[in-house]
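In case you want the letters, here they are:
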Amino acid sequence: MSSILLLTSSPRAESLSTDIASDLAAKLQAQQPGSVLVRRDLAANPLPHMDDLFSIAIRKPADARTAEENAAAKISDELVNELLAADTIVIGTGLINFNIYSSLKSWIDNVARAGLTFKYTESGPVGLATGKKVYVVLASGGVYSQGPAAGMNHAVPYLKTVLGFMGISDIETIYVEGLAFGPEAAEKAVGAAKARAEELALAA
């Protein structure tokens, strides 16, 4: 049975990244009868930031941890299992200060686990979360996919780097951009993003 993991991270009640990512995940599920859709709203249910106890706990096997350490690693263990079980991952985020939301960064900090989603070898690091397709929906007020501001888009390069480090390289990005350029430009951007999402869902 295939599994789709939907990660949304915008704190906005009327979030375009959340709406389009959610719609894409639903379309992908419809294309895969019997598939399971797992949703993580990282803004509504923020993950704890890393602390000293967490750092110690994730470096130990579960049977070697204290009860306190197991409690500290519990959420991270669950998130890793969700990631490894997923065949498809849909990520919705806005571009905030030229990068992703901190809520999504916390998810990454919880799932980037040595020995579970990547490992170190004599020839360098090797990703263990292979065989997955990722769709990133990125909303922004300006235009960052191309043009003079493209170099300030650290969100997509970062996501490609960290996901690639975990063995995930098949990544499609859907831009919802230019939203601050007036109602007409915003409407056009949303229409283009929805059309692209539809196209990708049908091709899946």
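Along each chain, the written sequence defines residue order, and numbers are assigned to residues from 1. For this predicted model, a pLDDT threshold of at least 70 governs which residues receive local features, and a threshold of 80 or more governs which side-chain atom pairs are given and counted, while totals over whole chains, interfaces and linings are taken from all residues. Working from all heavy atoms in the structure, the side-chain values ignore hydrogens and water.

Our next topic: the pairing of strand S3 (residues 88-94). If a strand is regular, its side chains alternate between the two faces of the sheet. In this scheme, a residue with accessible area under 20% of its type's maximum is buried, one over 50% is exposed, and one in between is partly exposed, where area comes from a 1.4 Å probe on protein chains only. Numbered from the N terminus, helices here are DSSP runs of H or I no shorter than four residues, and strands are runs of E no shorter than two. The buried count for S3 comes to seven of seven residues, which makes it a mostly enclosed element. Burial along S3 is two-sided: Thr88, Val90, Gly92 and Gly94 facing one way and Ile89, Ile91 and Thr93 facing the other are all buried. When strand S1 (residues 3-8) meets S3, the two strands line up parallel, connected through five bridges. Considered in S3, the bridge of Leu6 is made with Val90. Two strands are said to pair when DSSP picks up at least two bridges between them. Pairing between S3 and strand S6 (residues 133-139): seven bridges, direction parallel. Bridging across to S6, Gly92 finds its partner in Val137.

Attention now goes to the sheet that holds strand S2 (residues 36-41). With parallel pairing, the five strands of this open sheet are ordered in space as S2-S1-S3-S6-S7. Each end of this open sheet is capped by a strand with a single partner; those strands are S2 and strand S7 (170-176). Recorded for the sheet is a direction-independent mean angle of 15° between the axes of neighbouring strands. Whether two residues are in contact is decided by their heavy atoms: any pair within 4.5 Å suffices. The convention used is that axes are lines fitted to C-alpha atoms, helices contributing only their stretch in contact, and that angles between N-to-C directions extend from 0 to 180 degrees. In this fold helix H1 (residues 16-31) packs onto S1, S2, S3, S6 and S7, with an angle of close to 165° to the strand it touches most, S3.

Once that is clear, we can look at the packing of aromatic side chains. Working definition: an aromatic ring pair is given by the centre-to-centre distance plus the angle between the planes. The aromatic pairing rule takes the rings of Phe, Tyr and Trp, using the six-membered ring of Trp, and pairs them if the centres are within 6.5 Å, calling planes under 30 degrees apart stacked, those over 60 edge-to-face and the rest tilted. For the structure shown, the criterion picks out three aromatic pairs. Plain terms: the ring middles of Phe98 and Tyr144 are 6.4 Å apart, the flat faces sit at 65° to each other, and that makes the pair edge-to-face. Placement of the pair is Phe98 in the loop between S3 and helix H4 (102-111) and Tyr144 in the loop between S6 and helix H5 (155-165), with a sequence separation of 46 residues. According to the relative accessible area criterion, Tyr144 is buried, its value standing at 17%. With a centroid separation of 5.4 Å and 80° between ring planes, the pair formed by Phe118 and Tyr120 is classed as edge-to-face. With relative accessibility at 7%, the residue Phe118 sits in the buried group. On the basis of relative accessible area, Tyr120 is assigned to the exposed category, the value being 60%. The structure contains a cluster of three or more aromatic residues connected by ring pairs, namely Phe118, Tyr120 and Phe165.

Turning our attention to the pattern of salt bridges. Whenever Lys or Arg places a side-chain nitrogen within 4 Å of a carboxyl oxygen from Asp or Glu, that contact is recorded as a salt bridge. Scanning the entire structure with this criterion turns up twelve salt bridges. Asp77 is the salt-bridge partner of Arg65, the closest N and O atoms lying 2.9 Å from each other. Pair noted here: Arg65 is in the loop between helix H2 (52-57) and helix H3 (67-85) and Asp77 is in helix H3, with a separation of twelve residues, a long-range link. Overall, the relative accessible area of 22% leaves Asp77 in the partly exposed class. Residue Asp170 is joined to Lys133 by a salt bridge in which the shortest nitrogen-to-oxygen separation is 2.9 Å. Taken together, the residues span a long stretch of sequence, with Asp170 in strand S7 and Lys133 in strand S6 at a distance of 37 residues. Classification of Asp170 by relative accessible area gives partly exposed; the value is 40%. Each of Lys133, Asp170, Glu172, Arg196 and Glu199 takes part in a single network of salt bridges with overlapping partners.

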